[in-house]
Amino acid sequence: MKLTTMTQVTIDGVMQGNGGPSDEDRRNGFERGGWARGAGDDETRTFITQTFQRAEAFLFGRRTYELFTSWESSTHPIGVALNEAPKYVASTTLTAPRWKDTTVLRGDLAAAISELKAKPGGELQVHGSGILTRWLLEHDLVDEMILIVFPVILGQGARLFPETGPDLALDLVESRVDSKGVTIQVYRPAGRPLYATA
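Remember, predicted model here, so these are calculated numbers, not experimental data.

Asks: Honestly, helix α4 (residues 109–118) in this entry has me stumped. Any pointers?
Replies: Each α-helix turn comprises 3.6 residues. Residues three or four places apart therefore point the same way. Those residues of α4 that sit buried are Leu109, Ala112, Ile113, Leu116 and Lys117. Viewed end-on, α4 has its buried residues packed into an arc of 140°, placing them on one side of the element. Facing away from the buried side of α4 by over 90 degrees, the exposed positions are Glu115 and Ala118. Buried residues along α4 sit against β1 (2–10), β2 (55–61), β3 (87–90), β4 (102–105), β5 (123–127) and α5 (130–138).

Put into structure tokens, the structure is as follows:
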């Protein structure tokens, strides 16, 4: 399976509290939640839905998994896709997942994810899950990365990439902008960047 990440971010890289009101994720005093709701046009919403629908399986960090359990009884196409596919959670603390078809990955996470990727099939998708996404990139486990960038600067909140960390070059596979200024950028990791030497 191809491991694909999809993350909604602001211009300043914030991914925290994108879809819900401020009380969805108030970590570190965050008060600007819901910044992505209603921001994209129909074409962007269709792209997001179709991306979920092509997943063979989903991989989450614990926090995102718990937020996504709200889709458990949904008849929306995204909810249907989530409910019908196997779900994997990278967690050392989750002991009794309540969402059907959920497996908790413990122990050697890199080996477990490599084993999942070795299975035949379509995509193993990661949505949100910032800590997990960064870890996957650091361990060269991401095959494709989708960034949906919203034209807003929040000035606070957890960012997809920290101020300091490992470097990574990306090859642009696809790029589009919708009628509301939301951009969709699809990248493939391409090793380390090249830096000028003189």
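Asks: Just to check I follow, could you spell out the packing of helix α1 (residues 42–53) against helix α3 (residues 77–84) for this structure?
Replies: If you want to describe how two helices pack, look at the angle between their axes and the distance between the axes. Closest axis-to-axis distance for the α1/α3 pair is 8 Å, and the angle between their directions is 15°. Of the possible angle classes, the one that applies to α1 and α3 is roughly parallel. Between α1 and α3 lies a crossing of left-handed hand. Contacts between α1 and α3 involve Ile48, Thr49, Phe52 and Gln53 from the first element and Pro77, Ile78, Ala81 and Leu82 from the second. Class assignment for the residues of the contact of α1 with α3 results in six nonpolar, two polar and no charged.

Asks: Can you help me understand the pairing of β5 in this one?
Replies: The side chains of a regular strand alternate between the sheet's two faces. β5 sits mainly inside the fold: five of its five residues count as buried. Burial along β5 is two-sided: Glu123, Gln125 and His127 and Leu124 and Val126, pointing in opposite directions, are all buried. Here β1 runs beside β5; their pairing, made up of five bridges, is parallel. From the neighbouring strand, Thr5 faces β5, where its bridge partner is Val126. Both β2 and β5 contribute to a ladder of four bridges, which runs parallel. In the sheet register, Phe58 faces β5, and the bridge partner there is Gln125.

Asks: Sorry if this is basic, but what is going on with unusual backbone geometry here?
Replies: Most peptide bonds take the trans form, and the phi angle of most residues other than glycine is negative. In this structure, Asp101 is a non-glycine residue whose phi angle is positive, near 60°. Tracing the sequence through the fold places Asp101 in the loop between β3 and β4. For Asp101, a relative accessible area of 46% corresponds to the partly exposed category. Even without being a glycine, Asp140 presents a positive backbone phi close to 55°.

Asks: What's the story with the nonpolar core in this structure? I'm lost.
Replies: For soluble globular proteins, the rule of thumb is that nonpolar side chains tend to be buried together. Grouped together as the largest cluster of nonpolar side chains are 28 residues, with contacts concentrated most on Met6, Ile48, Phe52, Phe58, Leu82, Ile146 and Ile148. Of all the elements in the fold, those that place two or more residues in this core are α1, β2, α2 (62–68), α3, β6 (144–150) and β8 (183–189). The residues touching Ile146, leaving out its near neighbours within four places in the chain, are Thr4, Thr5, Met6, Thr7, Phe47, Thr51, Arg54, Ile184, Gln185 and Val186. Core analysis: the next-biggest nonpolar cluster, separate from the first, contains 25 residues, Leu132, Leu137, Met145 and Tyr187 among them.

Asks: What is the right way to read the packing of aromatic side chains from this model?
Replies: The way to describe two aromatic rings as a pair is by their centre distance and the angle between their planes. All chains considered together, the criterion is met by six aromatic pairs. Measuring from ring centre to ring centre gives 5.9 Å for Phe52 and Phe58, while their planes differ by 35°; the resulting arrangement is tilted. Each of the two residues, Phe52 as well as Phe58, counts as buried. Relative to Phe68, the ring of Phe60 has its centre 5.2 Å away and its plane inclined at 50°; by these criteria the two rings are tilted. Grouping aromatic residues by their ring pairs yields a cluster made of Phe52, Phe58, Phe60, Tyr65, Phe68 and Trp99. For Lys87, the ring lying beneath its charged end belongs to Trp99, and the centroid distance is 4.8 Å.

Rules used throughout
One numbering rule holds for all chains: residues counted from 1, following each sequence as written. Given that the model is predicted, a residue must reach a pLDDT of at least 70 before its local features are reported, and side-chain atom pairs must reach 80 or more before they are shown or counted; all residues, however, enter totals for whole chains, interfaces and linings. As a rule here, side-chain values come from all non-hydrogen atoms in the structure, and water together with hydrogens is ignored. We call a residue buried when its accessible area falls under 20% of the maximum for its residue type, exposed when it is over 50%, and partly exposed in between, using a 1.4 Å probe and counting protein chains only. Secondary structure is summarised from DSSP: a helix means a run of H or I of at least four residues, a strand means a run of E of at least two, and numbering begins at the N terminus for each. By definition, the arc is the one covered by directions from the helix axis to the C-beta atoms. It only takes one pair of heavy atoms within 4.5 Å for two residues to be counted as in contact. Lines fitted to C-alpha atoms define the axes here, with helix axes fitted over just the stretch in contact, and angles between the N-to-C directions of these axes take values from 0 to 180 degrees. Convention used here: angles under 35 degrees read as roughly parallel, angles over 145 as roughly antiparallel, angles from 65 to 115 as roughly perpendicular, and any remaining angle as oblique. The sense of a crossing depends on the near helix, which, turned anticlockwise from the far helix by less than a right angle, makes the crossing left-handed and, turned clockwise, makes it right-handed. Residues are grouped as follows: Ala, Val, Leu, Ile, Met, Phe, Trp, Tyr, Cys and Pro are nonpolar; Asp, Glu, Lys and Arg are charged; every other residue, Gly included, is polar. Pairs of strands are assigned from DSSP output, requiring at least two bridges between the strands. The term nonpolar core refers to a set of buried residues drawn from Ala, Val, Leu, Ile, Met, Phe, Trp, Tyr and Cys, joined through side-chain atoms within 4.5 Å. Side-chain rings of Phe, Tyr and Trp (the six-membered ring for Trp) are treated as a pair once their centres are within 6.5 Å; stacked means planes under 30 degrees apart, edge-to-face means over 60, and tilted covers the remaining angles. Only when the NZ of Lys or the CZ of Arg is both within 6 Å of the ring centre and within 35 degrees of the ring normal is a charge said to sit over the ring.

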